[in-house]
Each structure stands twice: as C-alpha cells, then as structure tokens.
Amino acid sequence: MNSIHHRYRRFREWEQQPHQVAPLSEEHHKCATCGTHYEGNYCPRCGQSSRIGRYSFKNAILLYLDVWGLGNRGMFRSIRDLVLRPGYMIRDYLRGMQMAYFPPFKLFFLLVALWLLVDSGMNIQGINREQQNEKETKELVRRFFNKGTDQVEVQEKQVDEKTDKAHTADKRTTSVEKEKKMKRVERVEDIIAVFIEQHSSVVTLAGLLIFSLPLCLLFRHSPAIPDLRLSECFVAMVYITDMIVIYDIIPSLFCFSVKAEIISNLAAYLLAIIPIKQLSGYSYWTTIWRLLLAFIPFIVISVLLAVVSVIVLYLIV
C-alpha cells in the first residue's frame, strides 16, 4: 500500500513538472549547409540539426515522417502528456514552452485524419465502421420518424372523418402546400447535413471558438492563470479536443460495440473536466459549475446561429 501511495505521489510530482530540455552537446560541428563551426545541437546560423549527415534511407524515412508530423518527438510527447497531464501541458504551452509540444491545430487535423482512417477500415477487424454506424443511425432515425408519421396519419384521419366533405378540396390544396414546404425544409436540412459532414473539422473549430467566449469570461481570473486571454482559451480548447479525439480513436480501433462506443465517448467528454481543472487551478466543484454555466450562452448562440442559417437557406432555396 505504501509503495502504491509513493508511486502515486511521484506521478503527481511528475504531472506538475514542466518539460526538461536536454543539455547542449559539447561536440564541435561544422554545418553542412552554411559551413559555420559551432558547439551544440543546432547550427546558430541556419538552424540545421547537427545529426544530419550524408543522405541515407534512414534520413529519407525520417524526412517523410517529418512531413506528416510523425517524426517530430514533440508529437509523441504531446500525445503522452495529453493523456497523463493534459492541463499542466497546456499551461506550459501557453506560458511559452511551444518548441517542446506539437502545435494544437496541426495535431487536431492529424488526429482527425487518423480517426477517419481507423473508421474507414484501418482497425483490428478491417471493417468500415463509418458505413456501419451510418446504417445503424439511419435505421434508428427511420424507426423514430415512422412512428411519428403513423401518429400524424392517424390524427389526420380522425380529423378528416369529423370534418365536412365540403372542405375536402380546400384541405387537399393545403396538404399540397404543406408537402411543398416540407420538401423545402428537407432540402435545407440536407444542405446543412452535407456541409457539416464535408466540413466537420471547420465546424468543430468554429464551435470551440464560440464556446471559448463564455468560458474565457468565467475562467479569466483563475488561480493558475489570472489573466487568461480569449486566444489562449481557444488554444486550450483545441488541445482538450485533441485529447478527446485520442480517447475516441481507441473504441474505433478495437471495434467496440455501438453501446460501448457511446459510453466510451461520454467518458472521454467527462474527462475534459480534468485538463480544465489542472489548467485553471480551481477545485473540481468550481470547475464543474463554471463549465455548466458556460454551456448556457454557448447553447443559446448555437441555436440562434442554426435558426438564422435555416431561415436564410429556406429563403434562398
């Protein structure tokens, strides 16, 4: 028991410890690019690494990985810290330790691309989970709307039986107009659904920016960061979203059932409380009620934007 407590205390100390930069090399180098003689890990004139030598297959692979961000040690360190010490890592990044960690927006797009690859078949079963989930979702939606349609049809029949036959023609005209309006609404819904599907990353970032507005107001005078800015809050939310995506990739990679995946996704969203608590320095209770309070204006703004978008598209279409 004492050993477990000691390890936990060591882990807590490591969580709050900023990234330690490796000491400078004392070896003497001559830069192959600019010919500068220097001591250290990088050329002070052009920035080339001292480890770069003659071209080889190893260098070619490393350069290819660097193009995608996979050869950068900061990416693996960022993923590790987002899982084990997310809030403290984000605080270090906001304080200026940016060379030690992978940029949040670049990491976001790379993780989303990896998530799409896993869903499209790069998982342990080799199945297209995106199509499978889409079929199940359509089936659930079809059942839901069929029930609603049946109830509406029963109510309409009861109304038709009670009304006078003289108004039948008028009702048919009204029903035709209703059908036209419904088709127009369905077309607007299809346009919005296609836009969200094709630009899901942009929509997510826009939602994070909107959510950052009330969140920054509620956490701008937190104990750990007493002068939090909107831009810093937005970057923090992108990093937290990166953490959630990392957790969401796991059930897709191991092909969890739909129910297990839903539970896992909900747990990932609940875990977002931890980095915000670590970042702000508030207690869990204070962090939770401030988060819930921030959701109120976020939902109001999102609903207003959705209503305005539907009205504009309805008038255009």
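For the structure given in this document, a descriptive report is provided here.

Turning next to unusual backbone geometry. With phi around 55°, Cys 255 is a residue other than glycine that occupies positive phi space. Looking at the element boundaries, Cys 255 is found in the loop between helix H9 (230–253) and helix H10 (258–270).

Bringing the pattern of salt bridges into the picture now. Enumeration over the complete set of coordinates arrives at five salt bridges. Between Arg 80 and Asp 81 there is a salt bridge, and its shortest N-O distance comes to 2.9 Å. We note a salt bridge from Arg 85 to Asp 81, for which the minimum N-O separation is 3.1 Å. With respect to burial, Arg 85 and Asp 81 carry one shared label: buried. The network of salt bridges with common partners includes Arg 80, Asp 81, Arg 85 and Asp 92.

Now for the nonpolar core. Among the nonpolar cores identified, the biggest contains 47 residues, and Ile 90, Leu 215 and Tyr 239 are the most heavily contacted of them. When residues of this core are traced back to their parent elements, those giving at least two are helix H3 (73–84), helix H4 (86–94), helix H5 (104–120), helix H8 (200–219), H9, helix H11 (273–280) and helix H12 (284–316). When residues no more than four places from it in sequence are discounted, the contact partners of Leu 215 are Cys 233, Met 237, Leu 291 and Ala 294.

Next up on the list: the packing of H9 against H10. Close contact between H9 and H10 brings their axes to 9 Å; oriented N to C, the two are set at 165°. Taken as axis vectors, H9 and H10 run roughly antiparallel relative to one another. For the pair H9 and H10, the sense of crossing is right-handed. Across from Met 243, Ile 244, Tyr 247, Asp 248, Pro 251 and Ser 252 in H9, the residues of H10 making contact are Glu 261, Ser 264, Asn 265, Ala 268 and Tyr 269. Considered class by class, the residues forming the contact of H9 with H10 number six nonpolar, three polar and two charged.

The rules we used
Residues numbered from 1 in each chain as written. Predicted model: local features only at pLDDT ≥ 70, side-chain atom pairs only at ≥ 80, totals over all residues. Heavy atoms only, no water. Helix = DSSP H or I, 4+ residues; strand = E, 2+ residues; numbered from the N terminus. Salt bridge = Lys/Arg side-chain N within 4 Å of Asp/Glu carboxyl O. Buried < 20%, exposed > 50% of the residue type's maximum accessible area, 1.4 Å probe, protein only. Core = buried A, V, L, I, M, F, W, Y, C linked by side-chain atoms within 4.5 Å. Contact = heavy atoms within 4.5 Å. Axes fitted to C-alpha atoms, helices over the stretch in contact; angles between N-to-C directions. Parallel < 35°, antiparallel > 145°, perpendicular 65-115°, else oblique. Left-handed = near helix turned anticlockwise from the far one by under 90°. Nonpolar A, V, L, I, M, F, W, Y, C, P; charged D, E, K, R; others polar.

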